[in-house]
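Listed here are the chains, written in short residue letters.
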Amino acid sequence: YNEYKSYLRSINNNMAKLEYQIDQEMRDVFEAMRLRRGPALIVMTLEVNSLKTNCVINMSQDEFSSDSTSYDKVKELLHDEAQFMHKPCIVLFDHRAINQQSRAERNVVIAFRWNADGSKPQERMVYSSAWKSLSTYFSSNGVANTNDMFEVSDWDEVEDKMKKYQ
């Protein structure tokens, strides 16, 4: 039994971390988001075989209906529609947060890994492994603060995490 546990630990320690490449075009999109001059919502998927990221949704605030926010659109994509309901992705969106104590408003970029409950185990493992390097990129380049990044697998978890911004 102890030999088996030791073997499992050695496999886990030697697992390759997936270092996904973020091309210059995506870096420019992230920079525009950071400077509040570009997208209000980005949804990325990962190519399993090539270690590349794909931006599948890139929307500015102007593209939302007048009474809709980026949070509303995220809910629509992950909860209400089938597009990402069972497919993992990386979501970044500009959110107007309210300080709990002072009630002051500020914009914050929220980044999270959506690991949908209905997604395939292989996809979940890929996104789990890639999340560390992507979240490090987001925080080290000022795209999103580490405190504003999280991992979720269902919409209730997203709503729970978002309570601190309301």
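See above for the structure.
Residues numbered from 1 in each chain as written. Predicted model: local features only at pLDDT ≥ 70, side-chain atom pairs only at ≥ 80, totals over all residues. Heavy atoms only, no water.

Here's the deal with the layout of surface pockets
Applied cut-off: Cavities and pockets are defined on a 1 Å grid built over the protein atoms alone: a cavity is a set of grid points where a 1.4 Å probe fits but cannot escape, while a pocket is an open set with protein on both sides within 12 Å along at least five of seven lines, and lining residues are those with an atom within 4 Å of any such point. Grid points are joined across faces, edges and corners, and a volume is the space filled by probe spheres set on the points. A run of H or I in DSSP counts as a helix once it spans at least four residues, and a run of E counts as a strand once it spans at least two, with each numbered from the N terminus. Asp, Glu, Lys and Arg are counted as charged, while Ala, Val, Leu, Ile, Met, Phe, Trp, Tyr, Cys and Pro are counted as nonpolar; the rest, among them Gly, fall into the polar class.
Space inside the largest pocket adds up to approximately 250 Å³. Along the wall of the largest pocket there are 13 residues; nearest its centre are Ala-40, Gln-61, Ser-70, Asp-94 and Asn-107. A per-element tally of the lining of the largest pocket places strand β3 (residues 89–98) first, with 3 residues. When grouped by side-chain class, the residues that make up the lining of the largest pocket number 2 nonpolar, 7 polar and 4 charged.

Remarks on the packing of aromatic side chains
The geometry of an aromatic ring pair comes down to the distance between the two centres and the angle between the two planes. Selection criterion: Stacked, edge-to-face and tilted are the three classes for Phe, Tyr and Trp ring pairs, Trp counted by its six-membered ring, which pair at centre distances within 6.5 Å; planes under 30 degrees apart are stacked, over 60 edge-to-face, the rest tilted. Think of it in three bands: with a 1.4 Å probe and only protein chains considered, a residue is buried below 20% of the maximum accessible area for its type, exposed above 50%, and partly exposed in between.
The final tally for this structure, using the stated rule, is 8 aromatic pairs. Between the aromatic rings of Tyr-71 and Trp-155, the centroid separation amounts to 5.8 Å while the plane-to-plane angle is 35 degrees, which identifies the pairing as tilted. Of the two residues, Tyr-71 sits in helix α3 (residues 70–80) while Trp-155 sits in helix α5 (residues 155–162), which places them 84 residues apart along the sequence. Trp-155 carries the same exposure label as Tyr-71, and that label is buried. On the basis of an interplanar angle of 5 degrees and a centroid distance of 5.2 Å, the ring pair of Phe-112 and Phe-150 is categorised as stacked. Taken together, the residues Phe-112 in strand β4 (residues 105–114) and Phe-150 in strand β5 (residues 149–152) connect sequence positions 38 residues apart. Exposure class is identical for Phe-112 and Phe-150. Each is buried. Among the aromatic side chains, those forming a connected cluster through ring pairs are Tyr-71, Phe-93, Phe-112, Phe-150 and Trp-155.

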